[in-house]
Amino acid sequence: MSVDNKTDRAPLYEQVRRALRAAIEQSGHAPGTPFVTEREVCRRFGVSSTTAVRALNELVAEGVLVRRQGVGTFIAERPAEKADAEAPTPAGAHRKPTVACILQNHSSYISQLLMGLETTCTEHGYRLFLTHCNDRPERERTALQEALNANVSGIVLYPAEGGANADALAEVRRRGVPLVMIDRYRPDLAADAVVADNVAVGYEVTQELIRMGHRRIATLWSETECTSVRDRLTGHLQALRNNDIPIHPELTVLRRYVGLTEPGQSGTLETLLADPDPPSVLLCANGFTLAHAVADLAAMSVDVPGQVDLAGMDDAGPFDILPLTVVAASLPATDIGREAALLLHHRVTSGEPYKGVKHLVLPIKIRTRHADSRHLGVVPATSTPEPDAVPQPAGTSLRDTEPVRH
């Protein structure tokens, strides 16, 4: 018995599923009869174990087969009474395949990424099942389990920081469900990923700052245990070395910055700015870190960019960071979403979700503050506003300035 990839465009696992279901219906096997093993499916159809597992999983989800822990797979009770997965719905449409999209937070970056993902999934006939985990590993675990229980066609995952949920991700792979990671990847998991060129982010932003005259550049990080951050630090350090600028550990240390409101963190900016040779610019990991830094600088009555300037390694955050930064990297969010959806579709239709794992690295752009543009700055609050002054958010002002050279 075999399947024909040349004339049937359905995914390989789907062809095997249909053949197995037809064999069950034609054989008249009694409920409770042991079914063929994964190894036997591989031998009969000449397919990989991944394809065999996926086909059997589909039949279990349809209620045609049932698994008994530690015993095996069996013909389910009264399979003929189960709804035929091949039959159209009363409206005349087949059940749409589903993609689970598991993200971590909300931001304009995530919205753009989701736009590319959703548009492309819709074009290829998938519906999207969306979960925001808000950087909670336990929520990510639940979302992965729910995706498997729902028998999704594939998963797009923005991984949580660190190495959590390795067993849950291993189960996704064991079941043959295609997985594509976005924004960052897991070094401990051989799976597809679509990311921005994060080494270039750290390198190009730093190069631009150096061209502007900055030599003392302090880095502020929101996460420390993810590949995107470590790649950016690698690029930043490489730019310093290429320009013969000494690397000072107090400026480049990879530690989490959470702002003045967190115990034990209040001395970070004070220590940096009180140094006899303070940094001329704070290079923030993303827009969320920059937002923390802006609030802290305003509370400390530090003039930006008069006393210190701001730069961003990406534009992911609660607001557009460019008006507050001298330079920032712009990530190809929509392209990441689109390419992830295309790669996932390829994996679903090929029936080989983990053969020849791919990491797609997309180019980034650098945005700078122009000399004649208006931009936001952080200035010490005045006790008495001028009579005709336009009200501004606390701690910020909109003004014309020339770039500060350090």
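Attention here is on the structure that accompanies the text.

What follows concerns the sheet that holds strand E9 (residues 281-284). Sheets are built from strands that pair by backbone hydrogen bonding, the pairs being arranged parallel or antiparallel. Overall, mixed pairing links the five strands, which are arranged E8-E9-E10-E11-E13 in an open sheet. Of all the strands in the sheet, just strand E8 (217-220) and strand E13 (365-368) have a single pairing partner and so form its edges. With direction set aside, neighbouring strand axes in the sheet form an average angle of 25 degrees. Sheet topology places strand E10 (residues 309-312) next to strand E11 (residues 327-330); two bridges connect them, and they run parallel.

Our next topic: the packing of aromatic side chains. Scanning all chains against the criterion turns up zero aromatic pairs. Positioned over the ring face of tyrosine 13 is arginine 54, at 4.3 Å from the centre of the ring.

What follows deals with the pattern of salt bridges. Under the defined criterion, the tally for this structure stands at 24 salt bridges. In this structure, glutamate 171 and arginine 174 form a salt bridge, with 3.0 Å as the shortest nitrogen-oxygen distance. With a gap of three residues between them, glutamate 171 and arginine 174 both fall in helix H6 (residues 166-174), about one helical turn apart. The residue arginine 184 makes a salt bridge to aspartate 183 at a minimum N-O spacing of 2.8 Å. The exposure class of arginine 184 is buried, given its relative accessible area of 3%. The buried category is assigned to aspartate 183, whose relative accessible area is 6%. Put simply, Arg216, Glu250, Asp275 and Asp277 are held in one network by salt bridges that share partners.

What follows is about helix H5 (residues 137-149). Taking 1.5 Å as the rise per residue, H5 with 13 residues should run 18 Å; its terminal C-alpha atoms sit 18 Å apart, in good agreement. Inspection of H5 places Glu140, Ala143, Leu144, Ala147 and Leu148 among the buried residues, and these make up the whole buried set. One side of H5 carries all its buried residues, which in axial view fall inside an arc of 135 degrees. Positive backbone phi, at 55 degrees, marks asparagine 151, one or two positions downstream of H5.

Take the side chain of aspartate 183 next. Structurally, aspartate 183 is set in the loop between strand E6 (179-182) and strand E7 (192-196). With residues near it in sequence (within four places) discarded, aspartate 183 still touches Tyr109, Tyr158, Val194, Val195, Asn198, Ser228 and Ile336.

The rules we used
- Residues numbered from 1 in each chain as written.
- Predicted model: local features only at pLDDT ≥ 70, side-chain atom pairs only at ≥ 80, totals over all residues.
- Heavy atoms only, no water.
- Pairing = 2+ DSSP bridges.
- Helix = DSSP H or I, 4+ residues; strand = E, 2+ residues; numbered from the N terminus.
- Axes fitted to C-alpha atoms, helices over the stretch in contact; angles between N-to-C directions.
- Phe/Tyr/Trp six-rings, centres within 6.5 Å; stacked < 30°, edge-to-face > 60°.
- Lys NZ or Arg CZ within 6 Å of the ring centre and 35° of its normal.
- Salt bridge = Lys/Arg side-chain N within 4 Å of Asp/Glu carboxyl O.
- Buried < 20%, exposed > 50% of the residue type's maximum accessible area, 1.4 Å probe, protein only.
- Expected span 1.5 Å × (residues − 1).
- Arc of directions from axis to C-beta.
- Contact = heavy atoms within 4.5 Å.

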